[in-house]
Amino acid sequence: MTLHLYNTLTRRKESFEPLETGKVRMYCCGITAYDFCHLGHARTCIVWDTARRYLQWRGYDVNYVQNFTDIDDKILNRARREGTSMEAVSERFIDAYFEDMARLNVKEANAYPRATDSLDGIKRLVCELEKKGYAYEADGDVYYSVRRFDDYGKLSGRKLEDLQAGASGRVDVADSTEPKKKDPFDFALWKSAKPEEPCWESPWGAGRPGWHIECSAMVRDMLGETIDIHTGGSDLVFPHHENEIAQSEAITGKSLARYWLHNGMVKVDGEKMSKSLGNFTTIRELLDRPVDPMAVRLFVLMAQYRKPVDFTDDAIASATNGWQTLKEGLLFGHNYGKELGWDNQSPTPTPSNPLQGEKTIAQQFQEAVDDDLNFAGGLAVLFEVAKGLRREGNILVHQGKTETPASELEQQWRSLVELAEVLGLEAQPEAETEVSTDGLSDGEIEALIQQRAEARKTKNFELSDRIRDDLQAQGITLIDQGGGVTTWHRN
Ligand SMILES: Nc1ncnc2c1ncn2[C@@H]1O[C@H](COP(=O)(O)OP(=O)(O)OP(=O)(O)O)[C@@H](O)[C@H]1O
Ligand SMILES: [Zn+2]
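The rules we used
- Positions within a chain are numbered from 1, following the residues in the order the chain's sequence is written.
- Key to labels: chains lettered from A, ligands numbered from 1, both in the order written.
- Only residues with pLDDT of 70 or above have their local features reported here, since the model is predicted, and side-chain atom pairs are shown and tallied only from 80 upward, although totals for entire chains, interfaces and linings are computed over all residues.
- Side-chain measures here rest on the full set of heavy atoms in the structure, leaving out hydrogens and waters.
- Helix numbering and strand numbering both begin at the N terminus, where a helix is a DSSP run of H or I of at least 4 residues and a strand a DSSP run of E of at least 2.
- Each residue is placed in one exposure class: buried if its accessible area under a 1.4 Å probe, protein chains only, is under 20% of its type's maximum, exposed if it is over 50%, and partly exposed if it falls in between.
- Contacts were defined at the residue level, with two residues in contact if any of their heavy atoms lie within 4.5 Å.
- By definition, two strands form a pair when at least two bridges between them are found by DSSP.
- In the analysis that follows, any N or O atom pair within 3.5 Å is treated as a polar contact, provided that within protein one partner can donate a hydrogen and the other can accept it, and provided that, for residues neighboring in sequence, both atoms belong to side chains.
- UniProt positions are given in the numbering used here, feature names are shortened, and annotations may be inferred rather than shown by experiment.
- Only nitrogen, oxygen and sulfur atoms within 2.8 Å of the metal, or 3.2 Å for Na, K and Ca, are treated as donors, and water is left out, so sites may look incomplete.
- Any site counts as irregular unless it has four donors with all angles between 85 and 135 degrees, making it tetrahedral, or four or six donors with opposite ones more than 155 degrees apart and the rest between 65 and 115, making it square planar or octahedral.
- To form a nonpolar core, buried Ala, Val, Leu, Ile, Met, Phe, Trp, Tyr and Cys residues must be joined to one another through side-chain atoms within 4.5 Å.
- For every domain, the bounds stem from an assignment made automatically or drawn from a database.
- Note on definitions: salt bridges are taken to be side-chain nitrogens of Lys or Arg within 4 Å of carboxyl oxygens of Asp or Glu.

What exactly am I supposed to notice about the overall build of the protein chain here?
For the protein chain, the helix and strand inventory stands at 17 helices and 15 strands. Along the longest, intermediate and shortest principal axes, the C-alpha atoms of the protein chain span 95 × 65 × 40 Å. In the protein chain, which comprises 491 residues, the share counted as buried stands at 51%. Considering only contacts in the protein chain between residues 6 or more positions apart, those separated by 24 or more positions represent 74%.

Dropping the structure here:
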């Protein structure tokens with residue numbers, strides 16, 4: 001089986017062949033750290049986290065790099081509003097990023113370069129572009145001369161002439177913020193320092209880098225001149241990725257990336273969820289509702305990654321239901337494994353032990369996901385297994401035995417757990433997650449009530465009262481209903 005990926009550059013699905021056998025160099029454009037991440041950012045991060053996990057499961061050694069943009073007007077504006085520094089703002093939201101992503105079970109990248117740490121590489125690239133005639137200085141600013149790069153537009157399929165025809169109002173030569181450009185399509189590689197803004201020394205005077213050059217520099221510094229996979233949201237195809245190509249390829253004469261992959265946007269009422277439009281829900285707001293983080297992953301993975309997806313309450317509710325089903329399957333071993341005698345068997349899961357002519361669960365899963373990361377297809381395979389296990393669990397509870405032999409169920413369950421993990425989906429048994437805020441779990445409270453009932457039976461009222469009072473002190477009230485029945489509630 002071969003992995004096929006849709007390449008934005010060639011506009012078709014291609015079989016995936018890394019530059020170096022068994023190794024994948026992968027770069028994802030990360031966030032601009034000026035606010036909490038919203039569900040749109042979550043989608044981008046979850047999709048590429050899952051792609052990376054899948055490549056690893058397919059046996060590749062993946063070097064995954066994702067940047068943080070920590071120099072930017074939006075960060076500066078916030079710092080001004082809050083009377084603090086650019087570093088303080090970006091540091092705060094980078095920390096928040098890690099907290100949110102950990103909750104969503106997004107694995108950490110191999111490296112997280114930041115613009116502020118990449119200035120040498122950035123300046124080196126700008127110098128090289130200038131030397132080769134692709135960049136010009138204008139009064140402390142440096143611009144990229146878009147018309148010098150013949151391949152400009154090859155990723156987005158946009159031609160400069162078309163852009164120009166439809167550009168009225170969009171790209172204005174007399175743009176008051178960038179009046180030094182020779183051509184409206186040129187973009188800033190380096191911006192001269194404005195009063196009271198952070199700046200760095202450079203051959204063009206004090207200033208700070210433009211956004212696009214940052215990624216070209218980080219890719220080159222961290223991964224090399226040509227990488228295997230470059231990813232990001234579809235909103236970055238133009239101009240960000242087009243400009244990255246123009247910068248990097250003008251210097252090296254080599255392809256920047258062999259496969260360009262883009263995920264679709266999370267939308268709200270048909271519009272991109274974005275901070276600037278104010279139509280966003282942050283990851284933390286959503287998780288604190290509470291929505292299970294695994295349901296958020298499912299919401300993302302149930303959609304084809306390239307298509308836009310609408311964020312609605314119904315969609316989240318449906319993902320939550322889906323997670324419930326999957327979770328029951330994932331906890332099957334925890335709930336019934338002992339009863340089925342798994343502990344006494346030699347647990348040698350052999351996923352490649354299907355009936356003659358039948359595909360293993362892993363093979364079916366791989367067949368689906370190999371087709372341009374069709375995670376939804378992979379999930380459909382897992383849902384079937386989870387539903388089968390749930391049914392067997394019910395039969396076991398009601399009839400004392402299962403229809404399918406225990407060893408076969410064990411094999412199915414182990415495959416399910418392994419493959420769900422490839423998608424970053426993991427379930428915790430209730431008892432382990434259910435640590436009440438009072439320090440006592442439901443199970444522990446029930447046990448104490450039982451102990452109190454025993455004490456009352458033997459007329460040890462001192463002990464029974466003490467148990468009641470101790471629980472009361474911990475915010476748990478017992479109500480004796482008569483007939484030896486005691487109910488309880490947290491205050
Ligand atoms: N609504 C969205 N759906 C999916 N991905 C998104 C969405 N918004 C941003 N992204 C992706 O998140 C990553 C980080 O983007 P960045 O920090 O530049 O956000 P942004 O586009 O400035 O967000 P906003 O428009 O909300 O300010 C990029 O890969 C971008 O494509
Ligand atoms: Zn980028």
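Any chance you could explain the pairing of strand 1 (residues 4–7) here in plain terms?
Here is the key point about a regular strand: its side chains alternate between the two faces of the sheet. Of the pairings in the sheet, the one linking strand 1 to strand 2 (residues 12–15) comprises four bridges and is antiparallel in character. By the bridge assignment, His4 is partnered in strand 2 with Ser15. Between strand 1 and strand 2, which pair antiparallel in sequence order, lie four residues; one of them, Arg11, sits at a positive phi of approximately 60°.

How do you make sense of the environment of Phe68 when you look at a structure like this?
Relative to the elements of secondary structure, Phe68 occurs in the loop between strand 4 (61–66) and helix 2 (73–82). Along the sequence, Phe68 and Lys107 sit 39 residues apart, while their C-alpha atoms lie 16 Å from each other. Aside from chain neighbours lying at most four places away, what touches Phe68 is Ile31, Ile94, Tyr97, Phe98, Tyr112, Pro113, Arg114, Ala115, Glu214 and Met218.

Before we go on, may I ask you to explain the side chain of Ser464 in this structure?
When you line up the elements, Ser464 lands in helix 17 (residues 461–473). At 3.1 Å, the side chain of Ser464 forms a polar contact with the backbone oxygen of Phe461. When neighbours within four sequence positions are excluded, Ser464 is seen to be in contact with Arg452, Ala455 and Arg456.

What is the right way to read the UniProt feature "binding site: Zn(2+)" (unreviewed entry) in the protein chain from this model?
In the numbering used here, UniProt assigns the "binding site: Zn(2+)" (unreviewed entry) feature to Cys29, Cys215, His240 and Glu244. Considering the C-alpha atoms alone, the annotated residues occupy 216 residues of sequence yet fold into one spot, their largest mutual distance being 10.9 Å. When you line up the elements, Cys29 lands in the loop between strand 3 (23–28) and helix 1 (39–57). On the basis of relative accessible area, Cys29 is assigned to the buried category, the value being 8%. Owing to a relative accessible area of 0%, Glu244 belongs among the buried residues under this scheme. For Glu244, the contacting residues outside a window of four places in its chain are Cys29, His212, Cys215, Ser216, Val219, His230, Leu256 and Trp260. Side-chain polar atoms of Glu244 contact the side chain of His230, separated by 2.7 Å.

Got a minute to help me understand the coordination of the zinc ion (ligand 2) in this structure?
Each pair of donors in an ideal four-coordinate tetrahedral metal site encloses 109.5 degrees, whereas pairs in an ideal six-coordinate octahedral site enclose 90 or 180 degrees. Listed as protein donors to the zinc ion (ligand 2) are Cys29 (SG), Cys215 (SG), His240 (NE2) and Glu244 (OE); their distances from the metal cover 2.0 to 2.8 Å. Angles of 76 to 129° at the metal separate the four donor atoms of the zinc ion (ligand 2), which places the site in the irregular class. We note that the donor set of the zinc ion (ligand 2) lies within a single chain, spaced as C-x185-C-x24-H-x3-E. Taken together, the residues Cys215 in helix 6 (residues 211–222) and Glu244 in helix 7 (residues 237–252) connect sequence positions 29 residues apart. Across the pair, exposure class does not vary: Cys215 and Glu244 are buried alike.

What exactly am I supposed to notice about the environment of Arg306 here?
Along the chain, the position of Arg306 falls in the loop between helix 9 (293–301) and strand 13 (309–310). Residue Arg306 is classed as partly exposed on the basis of its relative accessible area, which comes to 32%. Sequence separation between Arg306 and Asn263 is 43 residues; the distance between their C-alpha atoms is 4.5 Å. In this structure, Arg306 is in contact with Tyr6, Lys13, His262, Gly264 and Asp372, ignoring residues within four places of it in sequence. Engagement of the side chain of Arg306 in a polar contact is seen with the side chain of Asp372, the distance being 3.0 Å.

So what exactly am I meant to see when it comes to the nonpolar core here?
Counting residues in each nonpolar core, the largest one holds 133 residues, and the members touching the most others are Trp48, Tyr144, Leu326 and Leu373. Counting the residues that make up this core, at least three belong to each of domain 1 (4–167 + 178–263) and domain 2 (312–423). When near neighbours in sequence (up to four residues on either side) are disregarded, Trp48 contacts Met26, Cys28, Tyr64, Thr231, Gly232, Leu261, His262, Asn263, Tyr305 and Leu373. Membership of the second largest hydrophobic core comes to seven residues, among which are Leu440, Ile449, Ile467 and Leu478.

Help me understand the UniProt feature "short sequence motif: 'HIGH' region" (unreviewed entry) in the protein chain in this model?
Per the UniProt annotation, the sites labelled "short sequence motif: 'HIGH' region" (unreviewed entry) are residues 31–41. Helix and strand shares over residues 31–41 are 27% and 0% respectively, and the end C-alpha atoms of the span are 8 Å apart.

Hey, could you run me through unusual backbone geometry in this one?
Excluding glycine, residues mostly carry a negative phi; peptide bonds, for their part, are mostly trans. The amide bond that connects Phe238 to the next residue, Pro239, takes the cis arrangement and shows omega of 0°. Note on placement: Pro239 falls in helix 7. The linkage connecting Arg289 with the following residue, Pro290, adopts the cis geometry, with an omega of 10°. Counting through the fold element by element, Pro290 comes out in the loop between helix 8 (283–287) and helix 9. Within the chain, Asn105 stands out as a residue other than glycine whose phi angle is a positive 60°. Note that Asn105 resides in the loop between helix 3 (86–103) and helix 4 (119–131). The class of Asn105 is partly exposed, set by a relative accessible area of 21%. In the Ramachandran plot, Leu373 falls in the positive-phi region, its phi being about 55° despite a non-glycine side chain. Here Leu373 is to be found in the loop between helix 12 (361–369) and helix 13 (375–399). Leu373 gets classed as buried once you look at its relative accessible area, which sits at 4%.

How do you make sense of the pattern of salt bridges when you look at a structure like this?
Side chains that differ in charge, positive against negative, can pair when their charged atoms come close. Counting across every chain of the model gives 36 salt bridges. Among the ionic pairs, Asp371 bridges to Lys13, the shortest N-O distance being 2.8 Å. On the criterion of sequence distance, the pair formed by Asp371 in the loop between helix 12 and helix 13 and Lys13 in strand 2 is long-range, its members being 358 residues apart. Looking at Asp371, the relative accessible area reads 37%, which means it is partly exposed. Between Glu91 and Arg114 there is a salt bridge, with its nearest N and O atoms 3.2 Å apart. Here Arg114 lies in the loop between helix 3 and helix 4 and Glu91 lies in helix 3, a separation of 23 residues in the sequence. The exposure class assigned to Glu91 is partly exposed, which follows from its relative accessible area of 36%.

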